[in-house]
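# A structural walkthrough
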Amino acid sequence: MSRLKRMLPFLNWPRPDAKLLRGEAMAGLTVGLMVIPQGVAYAALAGMPLVTGIYASLLPALVAVLFSSSVRLSVGPTALTCLLISASLTGLAEPGSAQWIALAVWLALLSGLLQVVLGFVRFGWLLNLVNSPVLMAFTQAAAVLIIASQLPALLGLGAWDSLAWPAQVHLPSLAFGLGSLAALMLARRWRPGFPTVLAVVVASGGISHAIGFEAAGGTVIGTLPQGLPLPYVPEWPGWGVLGQLVLPTLVITLVSFLETASSAKVDSGQRGQRWDQDQDLIGQGLAKLASGLCGAFPTSSSFSRSALNLYAGARTGWATVFSVVVVLLALLVLTPLLHHVPMAVLAAIVLVAILGLIKPRAFARLWSISRVEAAIAGMTFAVTLLAAPRLYWGVLAGVLMALSHFLYLRLHPRIIEVGLHPDGSLRDRHLWLLPPLASDLYALRMDAALDFATANGFERAISEHITAHPETRHVMWIAHPINWIDATGTEAFGRLREQLDDRRIDLHLVGIKLPVEQVLQRAGYLNEGPRLHLYRTEAEALRAAAKLPTGLT
């Protein structure tokens, strides 16, 4: 039964009572009223028919909450994922065309299938390949591109590639765009729980209809289909086109789940539970599959809507069920009310949602922490902007640079000679200007595992010291930082013992961990001998060093 509940997380939901359902209904109503206009706006960003934004907020949200462990997340269209969709398909089809829709559906199916497979084989840890600086830089670059893409509609201009000079501004569109932007930003600051997005949409639609905005040349949402989405099975695009979708699929999978992680960690922390990333991979993957089969595009967890869900008091997945009911009712009976809403208002909705991602101070703070990682973040930001619309090159470049930095650090471990600090601890002798423990003793510590990446540096450090100090008769290895040793490290240790024995140098091992000790014992390198000394603690080793003829006290 426990395994079944793990596979079907909704079986763990509490049995609803009247009090719980009232609170969940209010939270669901709040999120549902927000997701409808946001879904339409994000569909426009993805180059998809506007109604698919509502489709992506319906069945995918329900599937995600039923099969994910993080039940208070709001799943549906997000700005970053929609930008990736638009960027990935640019050049392959015309936005809004049947071929564009089919390719977007393939992105949903491929990324959804990949996430489900990764979740079932418990490979969620692979997503840790993207570190925080790379994700931060990519997200901010993507936010800049989203803002740039929405400015023409917000300001009443045409598309960037069709602008003439001087640009012809449509003043009513400009008024709707800037007015909506101001109202949304003020309301987000002073009344974050109020469904301001819906209020702005309804008000702008009413004003637009009253003044004849569409007849005067303004661009509006127009007529949206009513009724439930029909099952959609895309045509086979061919291996050539499918190959062009591989990289976008990987990036969408990665970025959308990292979006989920940012919200899921907050949710799990508030509930005091461990985050089950593999189960969330499965739930989010199934949501993408459901979205594709509805003729929509890849979905993700929205940080802003998830935060609103928590703010509104959601406690269980029942809140999402209620929000899905709200979206369903809107799709069945309320879509005609969206006809007269200006597209400038949708641009304002996207901008307000994305402005919070622009955080220049994050680069300055990162610079104060790690200049190398700050440089990697800066390069990721630049590559993402320069490679547009092929945004995945930004992520790939950032991941490769971060992994290269990681490998460099692993191949160049921190190896220090230690001395006795006045506080009684063993610290870097050269950094703290400490005397050696004994004139003929070399005491070192390596802050890394002893494996194929560090074995060469470990051997070289000891060999170079002995060559430079031929009077050395004792080598003391502070081994407690070593928590792992592989075959290469074991062989390096064996060679070290042979070299020290040949030179009649004693080896003192301090604080060796049991797993490492067991490996060395099985290899026969810890056999008793007159030149091998084992100590469990540093204090014990220091007492032994003090007894040497040249030892310090």
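Within every chain, residues take consecutive numbers counted from 1 along the sequence as written. Predicted model: local features are reported for residues with pLDDT of at least 70 only, side-chain atom pairs are reported and counted for 80 or more only, and whole-chain, interface and lining totals are derived from all residues. With hydrogens and water stripped out, all remaining heavy atoms of the structure feed into the side-chain values.

What follows covers the packing of helix 6 (residues 98-120) against helix 11 (residues 246-271). The axes are straight lines fitted to the C-alpha atoms, using for helices just the contacting stretch, and the angles between their N-to-C directions are given from 0 to 180°. Secondary structure elements follow DSSP: runs of H or I no shorter than four residues count as helices, runs of E no shorter than two count as strands, and numbering proceeds from the N terminus. Where helix 6 meets helix 11, the closest approach of the two axes is 9 Å, and the angle between their N-to-C directions is 60 degrees. Between helix 6 and helix 11, the angle falls in the class oblique. As helix 6 packs across helix 11, the resulting crossing turns out to be right-handed. Seen from helix 6, the contacting residues are Leu107, Leu110, Ser111, Leu114 and Gln115; seen from helix 11, they are Pro248, Thr249, Leu250, Ile252, Thr253, Ser256 and Phe257. For the contact of helix 6 with helix 11, a count of residues per class yields seven nonpolar, five polar and no charged. Angles below 35 degrees are treated as roughly parallel, those above 145 as roughly antiparallel, those between 65 and 115 as roughly perpendicular, and all remaining angles as oblique. By convention the crossing between two helices is left-handed if the near helix lies anticlockwise of the far one by an angle smaller than a right angle, and right-handed if it lies clockwise. For this analysis, residues touch if any pair of their heavy atoms sits within 4.5 Å. In this classification, Asp, Glu, Lys and Arg are treated as charged, Ala, Val, Leu, Ile, Met, Phe, Trp, Tyr, Cys and Pro as nonpolar, and every other residue, Gly included, as polar.

Lining residues are those with an atom within 4 Å of a point, where the points come from a 1 Å grid over the protein atoms alone and group into cavities, where a 1.4 Å probe fits but cannot get out, or pockets, open sets with protein on both sides within 12 Å along at least five of seven lines. Grid points are joined across faces, edges and corners, and a volume is the space filled by probe spheres set on the points. The tally for this structure, following the rule as stated, stands at three cavities of 30 Å³ or more. Taken together, 15 residues line the largest cavity, and the ones lying closest to its centre are Val31, Ala61, Ser74, Thr320 and Ser323. When contributions to the lining of the largest cavity are tallied by element, the ones reaching two or more residues are helix 2 (18-45), strand 1 (74-76), helix 13 (303-311) and helix 14 (318-334). In terms of residue count, the dominant contributor to the lining of the largest cavity is helix 14 (five residues). Across the lining of the largest cavity, the residue classes tally to eight nonpolar, six polar and one charged. Estimates place the volume of the second largest cavity at around 40 Å³. What lines the second largest cavity is Val130, Val134, Leu135, Phe138, Leu254, Val255, Leu258 and Val395. Sorting the residues of the lining of the second largest cavity by element identifies helix 7 (132-154) and helix 11 as the ones contributing at least two each.

Turning our attention to the layout of surface pockets. Considered as a void within the structure, the largest pocket measures approximately 1,400 Å³ in volume. In this structure, the largest pocket is lined by 49 residues; those nearest its centre are Ser262, Phe303, Ser304, Ala353 and Leu357. A total of seven residues in the lining of the largest pocket trace back to one element, the largest contributor, which is helix 11.

Our next topic: the packing of aromatic side chains. Only centres within 6.5 Å qualify two rings of Phe, Tyr or Trp (six-membered ring in Trp) as a pair; their planes then separate them into stacked at under 30 degrees, edge-to-face at over 60, and tilted for everything else. Counted according to the given criterion, the structure contains 11 aromatic pairs. For the ring pair Phe176 and Phe213, a centre distance of 5.1 Å and an interplane angle of 75 degrees mean the geometry is edge-to-face. A residue pair is termed long-range when its members are at least 10 positions apart, and Phe176 in helix 8 (residues 171-190) and Phe213 in the loop between helix 9 (196-211) and helix 10 (239-244) qualify at 37 residues. Comparing Phe176 with Phe213, the two get one shared label, buried. When the ring of Trp236 is compared with that of Trp239, the centres are 4.9 Å apart and the planes differ by 75 degrees; the resulting orientation is edge-to-face. Under the scheme applied here, a residue whose accessible area is under 20% of the maximum for its type counts as buried, over 50% as exposed, and between as partly exposed, the area being computed with a 1.4 Å probe on protein chains only. Accessibility expressed as a relative area gives 48% for Trp236, which makes it partly exposed. Given a relative accessible area of 69%, Trp239 falls into the exposed group. For a lysine, the NZ atom is tested; for an arginine, the CZ atom; a charge sits over a ring if that atom is within 6 Å of the ring centre and within 35 degrees of the ring normal. A cation sits over an aromatic face here: Arg427 above Trp432, 4.9 Å from the ring centre.

A few words on the pattern of salt bridges. Salt bridge, as used here: a side-chain nitrogen of Lys or Arg that lies within 4 Å of a carboxyl oxygen of Asp or Glu. One pass over the structure, following the stated rule, counts 10 salt bridges. As a salt-bridge pair, Glu417 and Arg429 come within 3.2 Å of each other at their nearest N and O atoms. Taken together, the residues Glu417 in strand 3 (residues 415-420) and Arg429 in the loop between strand 4 (426-428) and strand 5 (441-446) connect sequence positions 12 residues apart. Here Glu417 matches Arg429 in class, with each residue buried.

Time to look at the sheet that holds strand 3. At least two DSSP bridges between two strands are needed for those strands to be called paired. On the basis of which strands lie adjacent, the open sheet formed by six strands has the order 4-3-5-6-7-8 and mixed pairing. Either end of the sheet is taken by a strand with one partner, and the two such strands are strand 4 and strand 8 (532-535). On average, adjacent strands in this sheet sit at an angle of 30 degrees to one another, irrespective of strand direction. Together, strand 3, strand 5 and strand 6 (474-478) form the strand contacts of helix 19 (residues 455-468), whose direction differs from that of strand 5 by roughly 160 degrees. The sheet contacts of helix 20 (residues 487-502) involve strand 6, strand 7 (506-510) and strand 8, and relative to strand 7 the element is tilted by about 140 degrees.

Let us now look at a nonpolar patch on the surface. Only residues whose relative accessible area exceeds 30% and that form no salt bridge enter a patch; like-charged residues are grouped when within 9 Å of one another, and nonpolar side chains (Val, Leu, Ile, Met, Phe, Trp, Tyr) when within 5 Å. Per-residue and other accessible areas were derived by the Shrake-Rupley procedure at a 1.4 Å probe size, with only the shown protein chains allowed to occlude residues. Together, Met7, Leu113, Val117, Phe120, Val121, Phe123 and Trp125 line one region of the surface with nonpolar side chains, adding up to about 660 Å² of accessible area. In terms of residue count, helix 6 provides more of the nonpolar patch than any other element does, three residues in total. Tracing the sequence through the fold places Phe123 in the loop between helix 6 and helix 7.

The buried count for strand 6 comes to five of five residues, which makes it a mostly enclosed element. Burial along strand 6 is two-sided: the face carrying His474, Met476 and Ile478 and the face carrying Val475 and Trp477 are both buried. The pairing of strand 5 with strand 6 spans five bridges and is classified as parallel. Paired with Leu441 across the two strands is His474, which belongs to strand 6.

A separate point is helix 4 (residues 59-67). Every buried residue of helix 4 is listed here: Pro60, Ala61, Val63, Ala64 and Val65. Next to the buried residues of helix 4 lie helix 3 (51-55), strand 1, helix 12 (277-293) and helix 14.

Axis separation between helix 2 and helix 14 bottoms out at 7 Å; the angle between their running directions is 45 degrees. In terms of orientation, helix 2 lies oblique with respect to helix 14. Helix 2 and helix 14 meet at a crossing whose hand is right-handed. From helix 2, Leu20, Leu21, Glu24, Ala25, Ala27, Gly28, Leu29, Val31, Gly32, Leu33, Val35 and Ile36 reach across to helix 14, where they touch Trp318, Ala319, Phe322, Ser323, Val326, Val327 and Ala330.

For the rest of this paragraph, the subject is the pairing of strand 8. With four bridges joining them, strand 7 and strand 8 adopt parallel strand pairing. The residue bridging Leu507 from the neighbouring strand is Leu532, located in strand 8.

With respect to the helices, strands and loops of the structure, Ser57 is situated in the loop between helix 3 and helix 4. Assessed through its relative accessible area of 4%, Ser57 is described here as buried. Discounting chain neighbours no more than four positions away, the residues touching Ser57 are Val35, Gly39, Pro77 and Val327.

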